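So you can see what is in the structure, the chains are spelled out below.
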Amino acid sequence: MTRRSLLLAGVALPLGACAPRSKFRHYRGPAVTSIRVYKAERRMDLMHGDRVLRSFAIELGSNPVGHKIQAGDGRTPEGSYVIDRRNPNSAYHLSIGISYPNAEDRARAAALGVDPGGDIFIHGTPRERRRDRDWTAGCIAVSNREMEEIYAMVQDGTPIHIFP
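Residues numbered from 1 in each chain as written. Predicted model: local features only at pLDDT ≥ 70, side-chain atom pairs only at ≥ 80, totals over all residues. Heavy atoms only, no water.

Quick word on the overall build of the protein chain
1) Next: Scanning the protein chain from N- to C-terminus turns up three helices and eight strands.
2) Next: Along the protein chain, from the amino end to the carboxyl end, the secondary structure elements read α-β-β-β-β-β-α-β-β-α-β.
3) Next: In the protein chain, buried positions account for 40% of the 164 residues.
4) Next: If you take every contact in the protein chain between residues at least 6 apart in sequence, the share linking residues at least 24 apart comes to 58%.
5) Next: A total of about 9100 Å² of accessible surface is found on the protein chain, and carbon and sulfur atoms cover 53% of it. (Helix = DSSP H or I, 4+ residues; strand = E, 2+ residues; numbered from the N terminus. Buried < 20%, exposed > 50% of the residue type's maximum accessible area, 1.4 Å probe, protein only. Contact = heavy atoms within 4.5 Å. Areas by Shrake-Rupley, 256 points an atom, 1.4 Å probe, with all protein chains shown as cover.)

Take a look at the structure:
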């Protein structure tokens, strides 16, 4: 029996029964005032002042130890940045951009004669990578469901501090 014939037969279907779940969520809690990433612990905390609002297990770049120096090194940056953009159509479900490289990163790369790279994001995880450890090109990855929470909670301009 089709949905139309079920409706004509007087069988009610719940609204949205066939609609896909939206990846966009709403958040009405305390503002996220900063993000702290602890690379060695593979943990990211969303903070309101000194209070942890939410913690997430994370995956890092394929070469996770040390600060990102150049494009293609597989490292996740260390230092202080800000969330500077968001991508609702990311290849990795949803993503929010980190302002890497900053002036110091560009100067260090220039002194070495290398490209500092860029396009560092916090993003979701594709199905084929769900069991991999430290697989990104230098980004910070969480599950897609967690990324939906982060995307709703974190606003552009939020400071992010990435520790070794």
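Quick notes on helix α3 (residues 144–153)
1) Next: Counting buried positions along α3 yields nine of ten residues, so the element is predominantly enclosed.
2) Next: If you follow the buried residues of α3, they end up packed against β2 (43–48), β3 (51–57), β4 (79–87), β5 (95–98) and β6 (120–123).

Focus on the sheet that holds strand β8 (residues 159–163)
Hydrogen bonding along the main chain pairs the strands of a sheet, whether they run parallel or antiparallel.
1) Next: Judged by pairing direction, the sheet is mixed, and its eight strands sit side by side in the order β3-β2-β1-β8-β4-β5-β6-β7 without closing on themselves. Strands with a single pairing partner mark the edges of an open sheet, and in this sheet they are β3 and β7 (140–141).
2) Next: The sheet contact formed by β4 and β8 spans four bridges and is antiparallel. Paired with Val 82 across the strands is Pro 159, a residue of β8.
3) Next: Lying over the sheet, α3 contacts β2, β3, β4, β5 and β6, oriented at roughly 145 degrees with respect to β3. (Pairing = 2+ DSSP bridges. Axes fitted to C-alpha atoms, helices over the stretch in contact; angles between N-to-C directions.)

Description of the pairing of β6
1) Next: The alternating pattern of β6 places Ile 120 and Ile 122 and Phe 121 and His 123 on opposite faces, both of which are buried.
2) Next: Both β5 and β6 contribute to a ladder of four bridges, which runs antiparallel. Along β6, the bridge assignment pairs Gly 97 with Phe 121.
3) Next: Here β6 pairs with β7 via two bridges, running parallel. Counterpart to Ile 122 in the pairing with β7 is Ile 140.

What to know about the pairing of β2
1) Next: In this structure, strand β1 (residues 34–38) lies alongside β2, joined through five bridges in antiparallel fashion. Along β2, the bridge assignment pairs Arg 36 with Asp 45.
2) Next: Hairpin connection of β1 to β2: four residues between the antiparallel strands, including Arg 42 at a positive phi of 50 degrees.

Concerning helix α2 (residues 103–112)
1) Next: Put simply, Asn 102 is the residue that caps the front of α2, since its side-chain oxygen is 3.1 Å from the backbone nitrogen of Glu 104.
2) Next: Once α2 finishes, Gly 113 follows within two positions and takes phi at roughly 70 degrees, a positive value. (Polar contact = N/O pair within 3.5 Å; in protein donor to acceptor, adjacent residues only side chain to side chain.)

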